[in-house]
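Chain and residue survey
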Amino acid sequence: MPSANERAVRSLKVAATYEDVRLLAAELQAFCAEFALPAEVATDIEFALVEAANNIVQHGYGETGEGSLDMHIETDATSVTVSLCDRGIPMPQGMMKGDVEMPSFDMESGRGIAIMQACVDRIDYETRDGLNSLRMVKTLPKA
Amino acid sequence: MPQDHDIFVLRLPMERLDAAAAPEFKARLSEEISEDMRLIIVDFSEVAFVDSTGLGAIVSLLKMMPRDGKLAVAGLNSSTLRLFQLTRLDRVFEIFDDVEEARVALSK
């Protein structure tokens, strides 16, 4: 884990496809391993990343395979932050505000945002000049 | 008492059951699962990661089964178990450490 004054960053840009979401997940896992982030943190932040990226591929770009996803990862001694930027259709306003309930057990879809909310401590979302920015922060346990 | 051959074990030969893998997996379900299969064990022992799309595919399997059917999940690792717990699907599926434990439980 980086010490109090250190900050580690990593970026990766991929095509907006489900196959390339795997590349983002692999990069995030490698980052978590390199900086010895706790396994539980690595698991949760990967769940949040994959659900967020899948949402962008499906709803932002309509599964067309067009467009791209930019991931930025950052960690210091207190938290790990994963940001995703895209130029697809933005999420409806207020989608990330308030707790989204987990759908009933027989639903085959609709769990993504509830999983994201359960896995990270803070989610910010904004659209500016056609660029959608999603930022997810997971607090690290105190050593 | 159901015999061993009444239990269908569905092996998942993939490292990730995610949105990229789900279409092929669901096509496989349509080919391999018939409506009269009452007892199914899904073997996750080779799966390192599952996402909500993968879970949705498992839910679709449950909906293909008869009402009195039982769907058990075996071989989850700490990560895949975590997602079942987060989504509360651990209350819907019977979860076992491995296929043999599930087979014994479903045979009772």
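Look a little higher up for the structure.
Residues numbered from 1 in each chain as written. Chains lettered and ligands numbered in written order. Predicted model: local features only at pLDDT ≥ 70, side-chain atom pairs only at ≥ 80, totals over all residues.

Bringing the sheet that holds strand E1 (residues 7-11) of chain B into the picture now. All names here are of chain B. Taking strand neighbours across the sheet as the criterion, the four strands line up as E1-E3-E5-E6 in an open arrangement whose pairing is parallel. Each edge of the sheet is formed by a strand with only one pairing partner; in this case those strands are E1 and strand E6 (94-96). Strand after strand, the sheet turns through a mean of 25° between neighbouring axes, direction not considered. Pairing of E1 with strand E3 (residues 39-43) involves five bridges; the strand directions are parallel. The partner of Ile-7 across the bridge, within E3, is Leu-39. (Pairing = 2+ DSSP bridges. Helix = DSSP H or I, 4+ residues; strand = E, 2+ residues; numbered from the N terminus. Axes fitted to C-alpha atoms, helices over the stretch in contact; angles between N-to-C directions.)

We now examine the interface of chain B and chain A. Contacts between chain B and chain A engage 20 residues on the former and 18 residues on the latter. It is helix H2 (residues 52-64) of chain B that provides the largest number of residues to the side of chain B that touches chain A, a total of seven residues. Counted by class, the side of chain B that touches chain A contains eight nonpolar, six polar and six charged residues. (Contact = placed C-beta atoms within 7 Å. Nonpolar A, V, L, I, M, F, W, Y, C, P; charged D, E, K, R; others polar.)

Turning our eyes to something else, we now look at helix H3 (residues 78-86) of chain B. Every buried residue of H3 of chain B is accounted for by Thr-80, Leu-83 and Phe-84 of chain B. All buried residues of H3 of chain B lie within an arc of 100° about the axis, which places them on one face of the element. Next to the buried residues of H3 of chain B lie helix H2 (39-60) of chain A together with strand E4 (49-50), H2 and E6 of chain B. One or two positions beyond H3 of chain B, positive phi appears at Arg-88 of chain B, with a value near 65°. (Buried ≥ 20, exposed ≤ 12 C-beta atoms within 10 Å, placed from the backbone. Arc of directions from axis to C-beta.)

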